[in-house]
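# Residue-level structure breakdown
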Amino acid sequence: MSLLELKDIKKTYSLGNSILGKRKSVEAIKGISLTLEQGVCLGIVGESGSGKSTLGKIILGLEKPDQGEVLFQGKHLHSLKAKELKELRRNLQVVFQDCYSAVNPRLTIGEIIAEPIRNYERLSPTEERKQVEGLLEIVGLRLEDMHKYPSQFSGGQLQRINIARAIALKPNLIILDEAISALDALVQVQILNLLVQLKEDFQLSYLFISHDLQAVNYIADRIAVMYQGEVVEWLDDMEKLEQLKHPVSKKLISSVLSPYPVFF
Ligand code: ADP
Ligand code: MG
């Protein structure tokens, strides 16, 4: 059984009525099937508007597909009862691009990281503190950061906090939707390296969504290239980027030639 299986997913957004009375719509996902195994990072790459975030939201249960099935740990995600969905969701976490809006500015870092733990587990204050300290250490932050507020941190540090919160419940899958895209190039590399380390240490699976083929190539074990709501090409051997043939893939490869730090 695959950790995640998508079967012929379709999603159309209705854009309301135009002046002529015709309903306008956009086919965001036009029939996508894929599987993801435990411990694997699947990279989803494509230009802006190709449907990447919609796909992520469907997997998270934030959007309902018009057609098709999403199986997570063998269960049909979109037909679960609220209680079952909550239980399943602890194994399925997300980190979005906008690290600032992902955190409540009035909560301390300790409270932010403890949020999912409080949602799912009943721990004593001492046990909770121990877990938060452990998570801060894992993501490379200092223990005293626990008492600070989001405004006291840089984007990269906040993304570490969001990652700590995402791994707090030891999930199986983390969806990373442009999670490093807003960061400086050097910080991007640091966060990518942290993600690689976490994946190894905790046997995590990632769905790594990005418009940046170079970042995707760095972290992913497989790549799906998306274009206008479809997967137009798959790459299974990360050493062979040049084998990508689709014109959209070629375009993404040429944008990789833009300057990037030498760490890659
Ligand atoms: P990407 O993440 O690859 O940039 P998205 O999944 O955000 O792409 O969007 C895919 C298409 O669906 C785009 O044309 C976008 O405008 C449209 N779209 C996304 N979300 C909505 C929405 N809530 N309502 C209407 N159209 C949407
Ligand atoms: Mg997007």
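Residues numbered from 1 in each chain as written. Chains lettered and ligands numbered in written order. Predicted model: local features only at pLDDT ≥ 70, side-chain atom pairs only at ≥ 80, totals over all residues. Heavy atoms only, no water.

## Structural notes on the sheet that holds strand β6 (residues 92–95)
Test applied: Two strands make a pair as long as DSSP finds a minimum of two bridges between them. In this description a helix means any DSSP run of H or I spanning at least four residues, a strand means any run of E spanning at least two, and both kinds are numbered starting from the N terminus. As a rule, the C-alpha atoms of each element are fitted with a line to give its axis, helices using only the stretch in contact, and angles between N-to-C directions run from 0 to 180 degrees. Contact between two residues is taken to exist if any of their heavy atoms lie within 4.5 Å; hydrogens are not considered.
Strand order in this open sheet of 6 strands is β6-β7-β8-β3-β9-β10, and the pairing throughout is mixed. For this open sheet the edge positions go to β6 and β10 (230–235), each flanked by a neighbour on one side alone. Strand-to-strand, the axes of this sheet are offset by a mean angle of 20 degrees, without reference to chain direction. Strand direction decides the pairing type here: strand β3 (residues 41–46) and strand β9 (residues 222–227), joined by 5 bridges, are parallel. Bridged to glycine 46 within β9 is methionine 226. Each of β6 and β7 (173–177) touches helix α5 (residues 155–167); the most contacted strand, β6, lies at about 175 degrees to it.

## As for the sheet that holds strand β5 (residues 75–76)
Overall, antiparallel pairing links the 4 strands, which are arranged β2-β1-β4-β5 in an open sheet. Each edge of the open sheet is held by one strand with a lone partner, namely β2 (23–36) and β5. Pairing analysis gives 2 bridges linking strand β4 (residues 67–72) to β5, with the strands arranged antiparallel. Pairing of leucine 71 across the sheet is with histidine 76, part of β5. Set on the sheet, helix α1 (residues 52–60) makes contact with β1 (4–17), β2 and β4; between it and β1 the angle comes to about 115 degrees.

## As for the pattern of salt bridges
Here is the rule: For this document, the term salt bridge refers to a Lys or Arg side-chain nitrogen within 4 Å of an Asp or Glu carboxyl oxygen.
Counted by the stated rule, this structure contains 13 salt bridges. A salt bridge links arginine 165 to glutamate 115, with the nearest nitrogen and oxygen atoms 3.3 Å apart. You can see arginine 165 sitting in helix α5 and its partner glutamate 115 sitting in helix α3 (residues 109–120), a full 50 residues away along the chain. Measuring nitrogen to oxygen at the nearest pair gives 3.3 Å for the salt bridge that ties arginine 129 to glutamate 133. Placement of the pair is arginine 129 and glutamate 133 together in helix α4 (residues 125–138), with a separation of 4 residues, close to one helical turn. Among the ionic contacts, a cluster of salt bridges with common partners joins Arg142, Glu144, Asp145 and Lys148.

## Concerning the nonpolar core
Just so we agree on the cut-off: Take the buried residues of types Ala, Val, Leu, Ile, Met, Phe, Trp, Tyr and Cys, join any two whose side-chain atoms come within 4.5 Å, and each joined set is a nonpolar core. Exposed residues in this analysis have more than 50% of their type's maximum accessible area, buried residues have under 20%, and partly exposed residues fall in between, with area computed by a 1.4 Å probe over protein chains only.
Residues Tyr206, Phe208 and Ile223 are the most contacted members of the largest nonpolar core, which totals 51 residues. Among the elements that make up this core, the one with the highest residue count is α5 (6 residues). The residues contacting tyrosine 206, other than those within four sequence positions of it, are Leu36, Val40, Cys41, Leu42, Leu173, Ile174, Leu176, Leu195, Leu198, Lys199 and Ile219. Leu34, Val70, Ala224 and Met226 belong to the second-largest nonpolar core, a separate cluster that totals 27 residues.

## Some thoughts on the packing of aromatic side chains
Inclusion rule: We call Phe, Tyr and Trp rings a pair once their centres come within 6.5 Å, taking the six-membered ring for Trp, and we label the pair stacked below 30 degrees between planes, edge-to-face above 60, and tilted otherwise. To sit over a ring, a charge needs its Lys NZ or Arg CZ within 6 Å of the ring centre and within 35 degrees of the ring normal.
Scanning the entire structure with this criterion turns up 0 aromatic pairs. Seen from the ring of tyrosine 120, lysine 86 lies directly overhead, with NZ or CZ sitting 5.0 Å from the centre.

## Looking at the site of ligand 1
What counts is decided by this rule: We call a residue near a molecule or strand whenever a single non-hydrogen atom of that residue lies within 4 Å of it. The definition of a polar contact used here is a pair of N or O atoms within 3.5 Å, where within protein one atom must be able to donate a hydrogen and the other to accept one, and adjacent residues in sequence count solely through side-chain atom pairs. Accessibility throughout is a Shrake-Rupley quantity obtained with a 1.4 Å probe, and a residue counts as covered only by protein chains that appear here. Amino acids are sorted into nonpolar (Ala, Val, Leu, Ile, Met, Phe, Trp, Tyr, Cys and Pro), charged (Asp, Glu, Lys and Arg) and polar (every other residue, Gly among them).
Close to ligand 1 lie Tyr13, Leu15, Val26, Ala28, Glu47, Ser48, Gly49, Ser50, Gly51, Lys52, Ser53 and Thr54, which account for all nearby residues. Within the contact set of ligand 1, an oxygen atom lies 3.1 Å away from a backbone nitrogen or oxygen of glycine 51. Between ligand 1 and threonine 54, the relevant distance is 2.6 Å, taken from an oxygen atom to a side-chain nitrogen or oxygen of the residue. In isolation ligand 1 has 560 Å² of accessible area, and contact with the protein removes 64% of it. A total of 3 residues in the shell around ligand 1 trace back to one element, the largest contributor, which is α1. A breakdown of the residues in the shell around ligand 1 according to their chemical character gives 4 nonpolar, 6 polar and 2 charged.

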